[in-house]
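Listed below, chain by chain, are the residues.
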Amino acid sequence: MKRFVALFIALILTAQSISATDIADDAKLKKMIGRMLIIGFEGESIDRNSKITKEIQKYDLGGVILFDRYYNDKKRTKNISSPKQLKALTSSIRSFSKEPLLISVDQEGGRVARLKPAYGFEATPSAKVVSSMDAYMSGRVYDNLARTLERAGINCDFAPVVDLALNPKNEVIVKLKRSYSSDPKEVVKYAQILMDSLAKKQIVSVLKHFPGHGSSLGDSHKGFVDITKTWSEEELYPYIELIKKDKAKMIMSAHVFNSKLDDTYPATLSYKVNTKLLREKLGFKGVIVSDDLQMGAISEHYTLKQVVTLAINSGVDMLLFANQLSTQDTDELVETIFAQVKNGAISYERIKESNERAALLLKAKKIK
């Protein structure tokens, strides 16, 4: 009888031990998933009770993205209104995070700039304008941009655009003067100048939009974009050169469909594009980040479960949910990915691999 009681107690203790271990492991896994997320949020300031603060602390978020205005209401301020306000916001974000994280913006210059002269920031000309300058002058322009970002507390810039200006009718890249040139060598020249300026200030640069958006007709913010008939391998040249030069540390995958590369999925969700082409063929070892996964090109065709599963399995390391085009609950997002890992649809190895790449990036850039 005593042996039975002892055995029964031992089984209970073992079960409790396993249960406690599972809970601890689950909490760790959710934080690892959190490290793969870059999230947009509302507010020019945050405190300990803010939603984003609680998400940063609960999940050790990998990053946040800041905007000056709301996408659907340009009159409303979202995160950025002045240099002093922005510095206070980024300082608060850092103070509430136990882990280093990316504080990111889209600051290309010209039409795509979240830090605008109207708010008191120094102006940066568009890529098209910069490409008319010599190396010295463009270097000065981009050194000034890097100083502006550093003073603001920004450590990640979703720039430069290395799309080629191949289609004069392209609404989202060419007409907005976001491309340096139709000549890939010129694109590499000026993109490298920007990247070098940012690197001097320990700011992460992000090449975009892989595998090329400059020949497209459509805008992936609004819906499906097929570049099969317009895309050419020439558009890979900037990536090949900047990877070869060891300049590329982070690359953004685009929501463009190209049946020459994958006859089923757009680039952001494509294993053939992100792993077979970018990683294996082009030799990229850094962090792959998705374009905003709430864009119409993705959200109108896939469920959240499909999006996160396909993106992570394709080789994407960090998932961007800008919360500009719609609102994504972070708890739901983490739980969706967590469930997919637990049921085997996403491997734990992919989560671990992405965390390791992000950690190396943050360490290399000495980001705090």
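Residues numbered from 1 in each chain as written. Predicted model: local features only at pLDDT ≥ 70, side-chain atom pairs only at ≥ 80, totals over all residues. Heavy atoms only, no water.

Draft legend 1. Spatial organisation of the overall build of the protein. On a plain count of helices and strands, the protein comes out with 12 helices and 15 strands. Computed over the C-alpha atoms, the radius of gyration of the protein is 22 Å, within 12% of the 21 Å expected from 2.2 N^0.38 for a compact globule of 368 residues. The long-range fraction of contacts in the protein, counting pairs at least 24 apart against all pairs at least 6 apart in sequence, stands at 76%. Accessible area of the protein: about 16700 Å², with a carbon and sulfur share of 54%. Side chains of the protein carry 56 positive and 44 negative charges; the gap between the two charge centres is 4 Å. (Helix = DSSP H or I, 4+ residues; strand = E, 2+ residues; numbered from the N terminus. Rg over C-alpha atoms; globule rule 2.2 N^0.38 Å. Contact = heavy atoms within 4.5 Å. Areas by Shrake-Rupley, 256 points an atom, 1.4 Å probe, with all protein chains shown as cover. Lys, Arg positive; Asp, Glu negative; His and termini not counted. Charge placed at Lys NZ, Arg CZ, Asp CG, Glu CD.)

Draft legend 2. Representation of the side chain of Asn155 within the structure. Relative to the elements of secondary structure, Asn155 occurs in the loop between helix H5 (135-152) and strand S8 (156-157). Polar side-chain contacts of Asn155 include one of 2.7 Å to the backbone nitrogen of Ile103. With near-sequence residues (within four places) excluded, Asn155 lies in contact with Arg94, Leu101, Leu102, Ile103, Gln202, Ile203, Val204 and Ile367. (Polar contact = N/O pair within 3.5 Å; in protein donor to acceptor, adjacent residues only side chain to side chain.)

Draft legend 3. Focus on the pattern of salt bridges. In the structure shown here, the tally under the stated rule is 23 salt bridges. The partner of Lys30 in a salt bridge is Glu335, with the nearest N and O atoms 2.7 Å apart. Here the residue Lys30 occupies a position in helix H1 (residues 2-34), and Glu335 occupies one in helix H11 (residues 330-342), the gap between them amounting to 305 residues. (Salt bridge = Lys/Arg side-chain N within 4 Å of Asp/Glu carboxyl O.)

Draft legend 4. Looking closely at the sheet that holds strand S1 (residues 37-40). In space, the 6 strands of this open sheet follow the order S9-S8-S5-S2-S1-S15, with parallel pairing throughout. The sheet is open, and its two edges are formed by strand S9 (204-205) and strand S15 (319-321), each paired on a single side. Where strand S5 (residues 102-105) meets S8, 2 bridges bridge the pair, whose relative direction is parallel. Across the sheet, Ser104 pairs through a bridge with Cys156, a residue of S8. (Pairing = 2+ DSSP bridges.)

Draft legend 5. How the structure looks around helix H12 (residues 348-364). The end-to-end C-alpha distance of H12, which contains 17 residues, comes to 24 Å, matching closely the 24 Å that a straight helix rising 1.5 Å per residue would cover. When H12 is considered as a whole, its buried residues turn out to be Arg350, Ile351, Ser354, Asn355, Arg357, Ala358, Leu361 and Leu362. In a view along the axis of H12, the buried residues occupy a sector of 165°, so they form one face of it. Residues Glu349, Leu360, Lys363 and Ala364 are exposed on H12 and point more than 90 degrees away from its buried face. Phi for Lys366, located one or two positions after H12, is positive at around 55°. (Expected span 1.5 Å × (residues − 1). Buried < 20%, exposed > 50% of the residue type's maximum accessible area, 1.4 Å probe, protein only. Arc of directions from axis to C-beta.)

Draft legend 6. Spatial organisation of the pairing of strand S12 (residues 250-253). Side chains of S12 alternate between two faces, with Met250 and Met252 and Ile251 and Ser253 buried alike. Where S12 lies against strand S14 (residues 287-290), 4 bridges are found, and the strand directions are parallel. Residue pairing for S14: Ile251 is matched across the bridge by Ile288.

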